[in-house]
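The residues making up each chain are set out below.
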Amino acid sequence: GCSGRGVCVGGGCLCDSPWLGARCDLRAECRFWNATRAAWAGDGCVALFPGDLLPSGGGARVASGSLACACSHLTAFGGVVVPSSAEELAEEATSVTFNTLSTDDIANLADPDAAANPTVYILVAALAAANALGLAVAACADLGARHARAQVQPGGDGGGDGEGAAKG
């Protein structure tokens, strides 16, 4: 179950370092981009795993679920997880799934289940209500401004260019 790289605990794997993944089949490594070789390299970098002491001292340890890289140079580096064999690489490549919108999903939109996602429906309704309220306030303000302009203009018809006509 754990590829011989960890122990099975409660139906899951507790992996030995440097192994990760549901079946302890992924190896975590620290790598940096070597511009001279134009390739990723691990020279001068050591991967530290949960429970390992951090090199900064003070007794701090790498947190659970984390990977720390201790490198002897100041290049840009990062932690990567790579399959440990060609078979594992093939399995990773073929297990990729894409979430798409199917015709069944579109049909389900016509009959929403508000009880399944009350927070989403409440949020959408509140945003729609706030939008409608904002529109109503803006419309009232616009009508008030038009009425005020109409009161200022001679004749009160609201027409013209807003300048009083001189009578001669």
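Residues numbered from 1 in each chain as written. Predicted model: local features only at pLDDT ≥ 70, side-chain atom pairs only at ≥ 80, totals over all residues. Heavy atoms only, no water.

## Remarks on the pairing of strand β2 (residues 12-15)
- Relative to β2, strand β1 (residues 6-9) runs antiparallel, the two sharing four bridges. Residue pairing for β2: Val9 is matched across the bridge by Gly12.
- Where β1 hands over to β2, the hairpin turn is made up of two residues, of which Gly10 adopts a positive phi near 60°. (Pairing = 2+ DSSP bridges. Helix = DSSP H or I, 4+ residues; strand = E, 2+ residues; numbered from the N terminus.)

## So, the environment of Asp25
- With respect to the secondary-structure elements, Asp25 resides in the loop between β3 (19-20) and β4 (26-34).
- As for Asp25 and Ser3, which are separated by 22 residues in sequence, their C-alpha atoms are 6.5 Å apart.
- Within the local environment of Asp25, its side chain forms a polar contact with the side chain of Arg23, the two groups lying 2.9 Å apart. (Polar contact = N/O pair within 3.5 Å; in protein donor to acceptor, adjacent residues only side chain to side chain.)

## Some words on unusual backbone geometry
- Even without being a glycine, Ser3 presents a positive backbone phi close to 60°.
- Residue Ser3 is classed as partly exposed on the basis of its relative accessible area, which comes to 38%.
- Its identity as a non-glycine residue notwithstanding, Cys24 has a phi of 55°, on the positive side.
- Its location among the elements puts Cys24 in the loop between β3 and β4. (Buried < 20%, exposed > 50% of the residue type's maximum accessible area, 1.4 Å probe, protein only.)

## Focus: the packing of aromatic side chains
- Under the counting rule described, the total for this entry stands at one aromatic pair.
- Ring geometry for Trp33 against Trp40: centres 5.4 Å apart, planes inclined by 75°, an arrangement best described as edge-to-face.
- You can call Trp33 partly exposed: its relative accessible area is 43%.
- Relative accessible area serves as the criterion here: at 53%, Trp40 is assigned to the exposed category.
- The lysine or arginine in question, Arg27, covers the ring of Trp19, its NZ or CZ lying 5.7 Å from the ring centre. (Phe/Tyr/Trp six-rings, centres within 6.5 Å; stacked < 30°, edge-to-face > 60°. Lys NZ or Arg CZ within 6 Å of the ring centre and 35° of its normal.)

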